[in-house]
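Listed below are the residues making up each chain.
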Amino acid sequence: MTFLWFVTAASLAVAVVALVQARRTARRLEQLTQNYWELKYQNGELRVQLQQLTGESPPQTPAPAQARDSFVPLASLKR
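The sections below set out a description of the structure shown in this document. (Residues numbered from 1 in each chain as written. Predicted model: local features only at pLDDT ≥ 70, side-chain atom pairs only at ≥ 80, totals over all residues. Heavy atoms only, no water.)

### Quick notes on the overall build of the protein
Next up, step 1: When helices and strands are counted, the protein shows two helices and zero strands.
Next up, step 2: Burial statistics for the protein: of 79 residues in total, 1% are counted as buried.
Next up, step 3: Here the protein displays about 8,200 Å² of accessible surface, and carbon together with sulfur accounts for 64% of that area. (Helix = DSSP H or I, 4+ residues; strand = E, 2+ residues; numbered from the N terminus. Buried < 20%, exposed > 50% of the residue type's maximum accessible area, 1.4 Å probe, protein only. Areas by Shrake-Rupley, 256 points an atom, 1.4 Å probe, with all protein chains shown as cover.)

Written as structure tokens, this is what we have:
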């Protein structure tokens, strides 16, 4: 019976350690995600400033193509 209590206590301790580790990892992931987006935003700002200083125009993106799909009411399909 004592052995069962020992196993129960050990598994509870392992579960608590795993929970603490998971929370720490989640907090670190949130911090890294926030840092990533801040750096991505700053990179975009610096790119614009560099283009303004060098006089380069930003790359032109082509206009989106016209959609060839059109709305077809279901009533016309049932005929």
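### A word on a nonpolar patch on the surface
Next up, step 1: A cluster of nonpolar side chains, contributed by M1, F3, L4, W5, F6 and V7, occupies part of the molecular surface with about 800 Å² of accessible area.
Next up, step 2: Within the secondary structure, L4 sits in helix 1 (residues 2-54). (Patch = residues over 30% accessible without salt bridge, like charges linked within 9 Å, V, L, I, M, F, W, Y side chains within 5 Å. Salt bridge = Lys/Arg side-chain N within 4 Å of Asp/Glu carboxyl O.)

### Digging into the packing of aromatic side chains
Next up, step 1: For the coordinates displayed, the defined rule picks out one aromatic pair.
Next up, step 2: Ring centres of Y36 and W37 lie 5.0 Å apart, and the angle between their planes is 75 degrees; on these two criteria the pair is classed as edge-to-face.
Next up, step 3: On the basis of relative accessibility, which here comes to 51%, the residue W37 falls in the exposed class. (Phe/Tyr/Trp six-rings, centres within 6.5 Å; stacked < 30°, edge-to-face > 60°.)

### Some remarks on helix 1
Next up, step 1: Compared with an ideal rise of 1.5 Å per residue, which puts 53 residues at 78 Å, helix 1 spans 77 Å between its outermost C-alpha atoms and is within 8% of the ideal.
Next up, step 2: Where helix 1 terminates, the next one or two residues include G55, which has phi positive at roughly 80 degrees. (Expected span 1.5 Å × (residues − 1).)

### Some words on the environment of T25
Next up, step 1: For T25, the location among the structural elements is in helix 1.
Next up, step 2: Look at T25 and you get partly exposed, because its relative accessible area is 44%.
Next up, step 3: A polar atom in the side chain of T25 sits 2.8 Å from the backbone oxygen of Q21. (Polar contact = N/O pair within 3.5 Å; in protein donor to acceptor, adjacent residues only side chain to side chain.)

Keep in mind these values describe shape, not function.
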